[in-house]
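Observations on the three-dimensional arrangement
Residues per chain, in single letters:
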Amino acid sequence: MLSINKIMCNLSSYLTLFIILLFTGCSQTDMKEFQNNTPKLDLFEFFAGETIAYGIFEDRFGNLKRQFRVNINGKIDNQILTLDEDFLYDDGEQAKRIWKIEKKIDNNQKIIYEGQADDVEGKASGSISGNALNWSYDIYLNIKGNDIKVHFNDWIYKQSEDLAINRAYVSKFGINIGSVTLVFLRGKTANKIGPLNLKNW
């Protein structure tokens, strides 16, 4: 027979898991909230040319796990935005990702974006309202030598003509495991700082 302490421990574990799932499932944001926000975001316009970014990854408890910087080159050809991204992490790791992003108009005349990259399973998809983009996708991250598939709920908020903030919530099996925060700089602002040194941290 199970002891009272073991039963209570199991109940506590199940209750904690239930609360995590409850809050994860209910954190939906209505895109209409952003429709009057300015400056308006156009993904193609913002990322055309050279962009630099500084970013961090935090676990679900808010502990800083990694820092990184990115040089991004954006080109538009045949209505496709190609983002060539080069990363340097604070532990010396280097990485590359190439996005192919397409802008479409749905049946309700709403602008939607679809993107593909080698480490993204299927397509990223989402839309813009006002100054905000929200899209989601499943991506493989290399964690301690293993490729782990996680889900990104990804938000970009344009703050000025040359600056946007990116906040991505990372989950596995519907449970939050961390978040990524980036600051994107473009135009004259990026030209004063970049391109960033990606050889040494």
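Structure report, in brief. Computed from a prediction, not measured in an experiment: that's the story for all the values here.

Cut-off values and rules
- Residues numbered from 1 in each chain as written.
- Predicted model: local features only at pLDDT ≥ 70, side-chain atom pairs only at ≥ 80, totals over all residues.
- Heavy atoms only, no water.
- Salt bridge = Lys/Arg side-chain N within 4 Å of Asp/Glu carboxyl O.
- Helix = DSSP H or I, 4+ residues; strand = E, 2+ residues; numbered from the N terminus.
- Buried < 20%, exposed > 50% of the residue type's maximum accessible area, 1.4 Å probe, protein only.
- Contact = heavy atoms within 4.5 Å.
- Pairing = 2+ DSSP bridges.
- Axes fitted to C-alpha atoms, helices over the stretch in contact; angles between N-to-C directions.

Summed over all chains, the structure comprises 14 salt bridges. Residues Glu58 and Arg167 are paired through a salt bridge, measuring 3.7 Å at the closest nitrogen-oxygen approach. With Glu58 in strand S1 (residues 49-59) and Arg167 in strand S9 (residues 163-172), this residue pair connects regions lying 109 residues apart in the sequence. Residue class for Arg167 comes out partly exposed when judged on its relative accessible area of 27%. Look at the salt bridges and you will find they share partners, linking Arg66, Asp91 and Glu93 into a network.

To continue, consider the environment of Lys103. By secondary structure assignment, the location of Lys103 is in strand S4 (residues 94-105). Among residues more than four places away in sequence, those in contact with Lys103 are Asp42, Phe44, Gln79, Ile111, Ile112 and Tyr113.

On to the sheet that holds strand S2 (residues 64-77). The strand order S1-S2-S3-S4-S5-S6-S7-S8-S9-S10 describes a closed barrel built from 10 strands, whose pairing is antiparallel. The mean inter-strand angle of the sheet, taken between neighbouring strand axes irrespective of direction, is 25°. Across seven bridges, strand S6 (residues 120-129) lies against strand S7 (residues 132-143) in antiparallel orientation. For Ile128, the partnering residue across the bridge sits in S7 and is Leu133.

It is worth spelling out the environment of Ile156 at this point. Structurally, Ile156 can be placed in strand S8 (residues 146-160). As a C-alpha pair, Ile156 and Ile128 span 28 residues in sequence and 9.2 Å in three-dimensional space. The residues touching Ile156, leaving out its near neighbours within four places in the chain, are Leu41, Leu43, Phe47, Asn131, Ala132, Leu133, Ala164, Ile165, Asn166 and Phe184.

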